[in-house]
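What follows is each chain in one-letter form.
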2 protein chains.
Amino acid sequence: MNYSVSEENYIKNIYHLQQQTETVTTNSLANELRTKPASVTDMLKKLQTKNLLEYKRYRGFKLNESGNKIALNIVRRHRLWEFFLVDKLGFEWDKVHEIAEELEHVSSVELIKRLDSFLNFPQTDPHGDPIPDTNGKFAVIKQVSIAEAAAKKTVVVSSVSDQSPGMLEMLNHYHIGIGTSLKINKHFTFDGSVEIKVSQKAACVISEQLAKNIFVHHE
Amino acid sequence: MNYSVSEENYIKNIYHLQQQTETVTTNSLANELRTKPASVTDMLKKLQTKNLLEYKRYRGFKLNESGNKIALNIVRRHRLWEFFLVDKLGFEWDKVHEIAEELEHVSSVELIKRLDSFLNFPQTDPHGDPIPDTNGKFAVIKQVSIAEAAAKKTVVVSSVSDQSPGMLEMLNHYHIGIGTSLKINKHFTFDGSVEIKVSQKAACVISEQLAKNIFVHHE
DNA sequence: AACTTTTTTTAGATTTGCCTAAACCTTAAT
DNA sequence: ATTAAGGTTTAGGCAAATCTAAAAAAAGTT
Ligand SMILES: [Mn+2]
Ligand SMILES: [Mn+2]
Ligand SMILES: [Mn+2]
Ligand SMILES: [Mn+2]
């Protein structure tokens, strides 16, 4: 089976929304895809017909087994291309999403196989998100945001949940990147800000908003 | 201005047909694009409206200045991607056209700029065809097919005009690739076959059909 | 339970790119 | 000058993906 760019974008976005909120609504999907709810309903019917989706009108919907598999394959392609763009072409990670949004739809299986090998089988994309393998499997690392992480511990930055230029600017300012090791000193209850210490540098305090968007894991 | 995949494919194919036969016909374009003449007429009107084409009904058409510029940019993208696929991903050159046919439509300007630099500013694609620069300029090398080339001369293979697996198989059999240096011994008038000598190997005779599809230049 | 609000779906259009079949030009041949 | 043959265009339709506006269902509120 071969799917249109539109179908692929719907499938992938349903998948992503399902990861964060178990109930995906027509409205939220329309919002994510920058389209109108009526268009979403049209596509839901189509995806149901193609047997990628369980859908009962007015009652909600979710990807079935095949839908999920296809979604994971698109995610795989997207993240491999993002890795390529950063690692090989030298893009900053705040610029790659949009381009990968197009590249992910190039359909050759052999292309992705060779790209994966060329990139040396990366496990995560430039934002720290895992790259599913050909079967859709990926390692789930136990991570928490700095806002939730226990104090007095040394942790490693594993991913960022905000991929905007503004976020990148902040991280560069604090000399934080994916893989950076840092110590969490103290959470201030007043405003949720957190004191951290990055490598040999002086300790610094980051805002709650920033802390919530940086994910870390132990060791 | 931003053009759809369909528009880009039409523009590029008009360009290519114009290179080989100065009069492009509705039928030849339809044939090239594997579509129907009526569809071509529809698109011609559209491209005329968008000011990329001079078109008088029943009288023929051709790309104007802007149309040409856009075509050359698509050709640039196509050939850079082909180079990438062969040079970096290790594809054989008979497998890359189809994939580049999709990749060429990814629209980021920065992407192509960085890809070009990553590939070290290649001048020709894996089939020996020149890669236009950002302004659409490229060096035209004076080349002739082996069938037309003068005998008793040592020449260098510059490009192939047939990019099929069968052609690649033949070239591999004779140990010929782009850049291979060979001596043209003799043209047989009976069947147009040509005796050539590739590097230190024994001289061999190739068919007229093959000779016509291998282009060479001097020194 | 009845009303209000929100969410979702349907109905009906629109745009793009394609198609078939019929009509229309152009050119070549009688 | 007709006629025949090709090539090209028009007319009318269809499918995909979108939209707006109206209807229908679900959820929330008194
Ligand atoms: Mn996409
Ligand atoms: Mn990513
Ligand atoms: Mn193409
Ligand atoms: Mn080529």
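First, a word on what this report is: a plain description of the structure on this page. Everything numeric here is computed off the predicted structure, so don't read it as measured data.

It is worth spelling out the coordination of the manganese ion (ligand 2) at this point. Residue and element names in this part refer to chain A. The coordination sphere of the manganese ion (ligand 2) contains the protein donors Glu82 (OE), Asp125 (OD) and His127 (ND1), at a distance range of 2.2 to 2.3 Å. A residue is classified by how much of its surface remains accessible, and Asp125, at 5% relative accessible area, is buried. The buried category is assigned to His127, whose relative accessible area is 1%.

Right, let's talk about the sheet that holds strand β3 (residues 144–145) of chain A for a bit. All names here are of chain A. Strand order in the open sheet formed by six strands is β3-β8-β4-β5-β6-β7, and the pairing between neighbours is antiparallel. With one partner strand each, in any of the chains shown, β3 and β7 (204–206) form the two edges of the open sheet. Strand direction decides the pairing type here: β3 and strand β8 (residues 214–218), joined by two bridges, are antiparallel. Paired with Val144 across the two strands is Val216, which belongs to β8.

This part covers a positive patch on the surface. Residue and element names in this part refer to chain A. A cluster of like positive charges, contributed by Lys152, Lys183, Lys186 and Lys197, occupies part of the molecular surface. Relative to the elements of secondary structure, Lys152 occurs in the loop between β3 and β4 (153–160). In this structure Lys152 comes out as exposed when scored by relative accessible area, which is 64%.

Another aspect to go through is unusual backbone geometry. Of note, Asn120 of chain A is a non-glycine position whose phi angle comes to about 70°, a positive value. Taking relative accessible area as the criterion, Asn120 of chain A reaches 61% and is therefore assigned exposed.

In total, this model carries 20 salt bridges over all chains according to the counting rule given. Overlapping salt bridges, with partners in common, bring together Glu7, Lys46 and Lys50 of chain A in one network.

For DNA strand C, the set of nearby residues contains 21 residues, the closest of which are Tyr55 of chain A together with Ser4, Thr35, Ser39 and Lys46 of chain B. Sugar plus phosphate, as a fraction of atoms of DNA strand C within 4 Å of the protein: 80%. In this structure, Asn27 of chain A approaches DNA strand C through a main-chain N or O atom, which is 2.9 Å from a phosphate oxygen. One of the backbone N or O atoms of Tyr58 of chain A is found 3.1 Å from a phosphate oxygen in DNA strand C. Elements represented by at least two residues in the surface near DNA strand C include exactly α2 (26–33) and α3 (37–49) of chain A together with α1 (5–20) and α3 (37–49) of chain B. The residue inventory of the surface near DNA strand C, partitioned by class, reads seven nonpolar, eight polar and six charged.

Turning our eyes to something else, we now look at the interface of chain B and chain A. For an interface, size is often stated in terms of accessible area lost upon the parts coming together. Every contact between the two is made by 19 residues of chain B and, on the other side, 19 residues of chain A. For the pair chain B and chain A, the summed buried area comes to about 1,600 Å², and 75% of that belongs to carbon and sulfur atoms. Linking chain B with chain A are six residue pairs in polar contact (both at pLDDT 80 or more), by the criterion used here. Those elements that provide at least two residues to the side of chain B that touches chain A are α4 (65–87), α5 (96–103) and α6 (109–118) of chain B. Per-element tally for the side of chain B that touches chain A: the top contributor is α6 of chain B, with five residues. In terms of residue class, the side of chain B that touches chain A is built from eleven nonpolar, four polar and four charged.

Time to look at the coordination of the manganese ion (ligand 4). Taken together, the protein ligands of the manganese ion (ligand 4) are Glu82 of chain B (OE), Asp125 of chain B (OD) and His127 of chain B (ND1), with distances of 2.1 to 2.3 Å. For the manganese ion (ligand 4), the single-chain donor residues occur in sequence as E-x42-D-x1-H.

Moving on, we get to the packing of α4 of chain B against α6 of chain B. All names here are of chain B. α6 packs onto α4 with a crossing angle of 40° between their chain directions and a minimal axis gap of 10 Å. Put simply, α4 runs oblique to α6. Taken as a pair, α4 and α6 cross one another with a handedness that is left-handed. Taking contact as the criterion, the partners of Arg76, Arg77, Leu80, Trp81 and Phe84 in α4 are, on α6, Leu111, Ile112, Leu115, Asp116 and Phe118. Here the contact of α4 with α6 is built from residues that sort into seven nonpolar, no polar and three charged.

The next subject is the sheet that holds strand β8 (residues 214–218) of chain B. Two strands in a sheet stick together by hydrogen bonds in their backbones, pointing the same way (parallel) or opposite ways (antiparallel). Residue and element names in this part refer to chain B. Pairing in this open sheet of six strands is antiparallel, and the strands run β3-β8-β4-β5-β6-β7 from one edge to the other. The sheet is open, and its two borders are formed by β3 (144–145) and β7 (204–206), each paired with just one other strand. Bridge analysis of strand β4 (residues 153–160) against β8 gives five bridges, and the strand direction is antiparallel. The partner of Val157 across the bridge, within β8, is Val216.

Rules used in this analysis
Residues numbered from 1 in each chain as written. Chains lettered and ligands numbered in written order. Predicted model: local features only at pLDDT ≥ 70, side-chain atom pairs only at ≥ 80, totals over all residues. Heavy atoms only, no water. Donors = N, O, S within 2.8 Å, 3.2 Å for Na, K, Ca; no water. Buried < 20%, exposed > 50% of the residue type's maximum accessible area, 1.4 Å probe, protein only. Pairing = 2+ DSSP bridges. Helix = DSSP H or I, 4+ residues; strand = E, 2+ residues; numbered from the N terminus. Patch = residues over 30% accessible without salt bridge, like charges linked within 9 Å, V, L, I, M, F, W, Y side chains within 5 Å. Areas by Shrake-Rupley, 256 points an atom, 1.4 Å probe, with all protein chains shown as cover. Salt bridge = Lys/Arg side-chain N within 4 Å of Asp/Glu carboxyl O. Lys, Arg positive; Asp, Glu negative; His and termini not counted. Charge placed at Lys NZ, Arg CZ, Asp CG, Glu CD. Near = heavy atom within 4 Å. Polar contact = N/O pair within 3.5 Å; in protein donor to acceptor, adjacent residues only side chain to side chain. Nonpolar A, V, L, I, M, F, W, Y, C, P; charged D, E, K, R; others polar. Contact = heavy atoms within 4.5 Å. Buried area = accessible area lost by both parts, 1.4 Å probe. Axes fitted to C-alpha atoms, helices over the stretch in contact; angles between N-to-C directions. Parallel < 35°, antiparallel > 145°, perpendicular 65-115°, else oblique. Left-handed = near helix turned anticlockwise from the far one by under 90°.

Keep in mind that these numbers describe shape and distance, not what the molecule does.
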